[in-house]
Structure formats: structure tokens, C-alpha cells
Amino acid sequence: MAEQKKQSYDVIVVGSGASGGWACKRLAEAGLKVALLEAGRPQSDKNFSEHKPAFELKYRNLAQEIVRKTRPIQSIFEVCSEYNYDWFVNDLEEPYTTPAGQPFNWMGRLRMTGGRTNVWGRISLRFSDRQRRGA
């Protein structure tokens, strides 16, 4: 095995989504040596199938129960469908826990370079204090 050269970085950014990608850009422009860690696989144009007609899909996007079998939480997120379910984590293979009495459905967990920006619907809700209190 070849001897590995030790690398050092000023900053390590985890995730290449909207925040991580932008942070890397700005930090690198400022002259810092940046390492970007990504858990997802590379994204390419061929992966974007949302404009395919449904008849080109195996189940014509009519069998949501197929998606729910391996992505019971991710499929609650209406964007997770036969068109792109393989972008989302398999909830059975990558479970997570929450404190007792404080359930949280962590939807939109993607394993794809760029993260959730791949399924962003061009909307950024900003809730006021009134909405947070449930009023």
C-alpha cells in the first residue's frame, strides 16, 4: 500500500447541499483550504426523471405502496415518488431515534450530492412566533 500523504485543512464542511455548497464556495474564495465531505453518490443529469411520462416508469407512479415498503417515513414527503425514491434514504437501512414522547419525522433525507436542493420546490416558508405556538 502506498504511503499516504497527510493533508490538513482549515475547514471541513459536511454536505454539499445549499448551505454546505455555498459555505465551501465562500470559504475557498476567502483563501481557506476547505474539505467537503459528502455522504451521497454523485448526481448527474440522467438521474433527473421527473419530466418523464408516467408510462415510462415501471409502476406508472401509481404504486406508492412500493415506495412505502422501504421508505415509510420519506414517502410522507410528497416529493418522494417512483420518479426519485432511490435518492432518499431507505428508512429501514438507516433508521434514527428520537427522545421518548418527542417523535420527529425526519423527511427529505437524501443520499445524493447536493442533498435536498435536488427536490427543493422553490418555496421557503418562514413562520412567525404565532404559527410556532400553534395559534
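Preceding this section is the structure that the text describes.
This one's a predicted model, so the numbers in the text were calculated from it and none came from an experiment. Each chain carries its own residue numbering, running from 1 in the direction its sequence is written. Local features in a predicted model are, by the rule used here, given only for residues with pLDDT of at least 70; side-chain atom pairs are given and counted only at 80 or more, and totals for whole chains, interfaces and linings are based on all residues. Water and hydrogen atoms were dropped before computing side-chain values, which therefore reflect all heavy atoms in the structure.

A look at the pairing of strand β2 (residues 34–37)
Examined bridge by bridge, strand β1 (residues 11–14) and β2 share four bridges and lie parallel to one another. Each bridged residue has a counterpart across the sheet, and for Ile-12 the counterpart in β2 is Ala-35. Here, a strand pair is defined by DSSP locating no fewer than two bridges between the strands. Helical segments are the DSSP runs of H or I of at least four residues, strand segments are the runs of E of at least two, and each set is numbered from the N terminus.

Structural notes on the side chain of Arg-71
Looking at the secondary structure, you find Arg-71 in the loop between α2 (64–70) and α3 (129–132). There is a polar contact of 2.6 Å between the side chain of Arg-71 and the side chain of Thr-70. A polar side-chain atom of Arg-71 sits 2.8 Å from the main-chain carbonyl oxygen of Tyr-85. Whether two residues are in contact is decided by their heavy atoms, any of which lying within 4.5 Å being enough. Residues within four places of Arg-71 in sequence aside, it is in contact with Cys-80, Tyr-85, Asp-86, Phe-88, Val-89, Asn-90 and Asp-91. For this analysis, a polar contact is any N or O atom pair within 3.5 Å, provided that within protein one partner can donate a hydrogen and the other can accept it, and provided that sequence-adjacent residues contribute only side-chain to side-chain pairs.

Concerning the pattern of salt bridges
A side-chain nitrogen of Lys or Arg and a carboxyl oxygen of Asp or Glu constitute a salt bridge if their distance falls within 4 Å. Enumeration according to the criterion identifies five salt bridges in this entry. The partner of Lys-25 in a salt bridge is Glu-29, with the nearest N and O atoms 2.5 Å apart. Separated by four residues within a single helix, Lys-25 and Glu-29 lie in helix α1 (residues 18–29), roughly one turn from each other. Judged by its relative accessible area of 53%, Glu-29 is exposed. The shortest N-O distance in the salt bridge between Arg-111 and Glu-94 comes to 2.8 Å. Placement of Arg-111 in the loop between α2 and α3 and of Glu-94 in the loop between α2 and α3 is noted, with a sequence separation of 17 residues between them. Accessible area is worked out with a 1.4 Å probe on protein chains only. A residue is then buried under 20% of its type maximum, exposed over 50%, and partly exposed in between. Look at Glu-94 and you get partly exposed, because its relative accessible area is 28%. One network of salt bridges, with partners in common, ties together Lys-25, Arg-26 and Glu-29.

Focus: the layout of surface pockets
Put simply, the grid is 1 Å and covers the protein atoms alone, a cavity is a trapped set of points that fit a 1.4 Å probe, a pocket is an open set with protein on both sides within 12 Å along at least five of seven lines, and lining residues have an atom within 4 Å of a point. Grid points are joined across faces, edges and corners, and a volume is the space filled by probe spheres set on the points. If you add up the space inside the largest pocket, you get close to 620 Å³. What lines the largest pocket is a set of 24 residues, and nearest its centre among them are Gly-17, Gly-108, Leu-110, Gly-115 and Arg-116. In terms of residue count, the dominant contributor to the lining of the largest pocket is α1 (three residues). Residue classes in the lining of the largest pocket are distributed as eleven nonpolar, nine polar and four charged. Each pocket or cavity is described by its volume, and for the second largest pocket that value is around 200 Å³. Forming the walls of the second largest pocket are 13 residues, and the residues nearest its centre are Glu-50, Val-79, Asn-118, Val-119 and Trp-120. Amino acids outside the nonpolar list (Ala, Val, Leu, Ile, Met, Phe, Trp, Tyr, Cys, Pro) and the charged list (Asp, Glu, Lys, Arg) are all regarded as polar, and Gly is one of them. When grouped by side-chain class, the residues that make up the lining of the second largest pocket number six nonpolar, five polar and two charged.

Some thoughts on the packing of aromatic side chains
Each aromatic ring pair is described using two quantities: the centre-to-centre distance and the angle formed by the ring planes. The rule is short: rings of Phe, Tyr and Trp, with Trp giving its six-membered ring, pair when the centres are within 6.5 Å, and they are stacked under 30 degrees, edge-to-face over 60, tilted in between. Enumeration according to the criterion identifies three aromatic pairs in this entry. Here the aromatic rings of Phe-48 and Trp-87 are separated by 5.2 Å at their centres, their planes lie at 80°, and the arrangement is edge-to-face. A residue pair is termed long-range when its members are at least 10 positions apart, and Phe-48 in the loop between β2 and α2 and Trp-87 in the loop between α2 and α3 qualify at 39 residues. On the accessibility criterion, Trp-87 (3% relative accessible area) is buried. Taking 6.0 Å as the distance between ring centres and 65° as the angle between the ring planes, the aromatic pair formed by Phe-77 and Phe-88 counts as edge-to-face. Of the two residues, Phe-77 sits in the loop between α2 and α3 while Phe-88 sits in the loop between α2 and α3, which places them eleven residues apart along the sequence. Overall, the relative accessible area of 2% leaves Phe-88 in the buried class.

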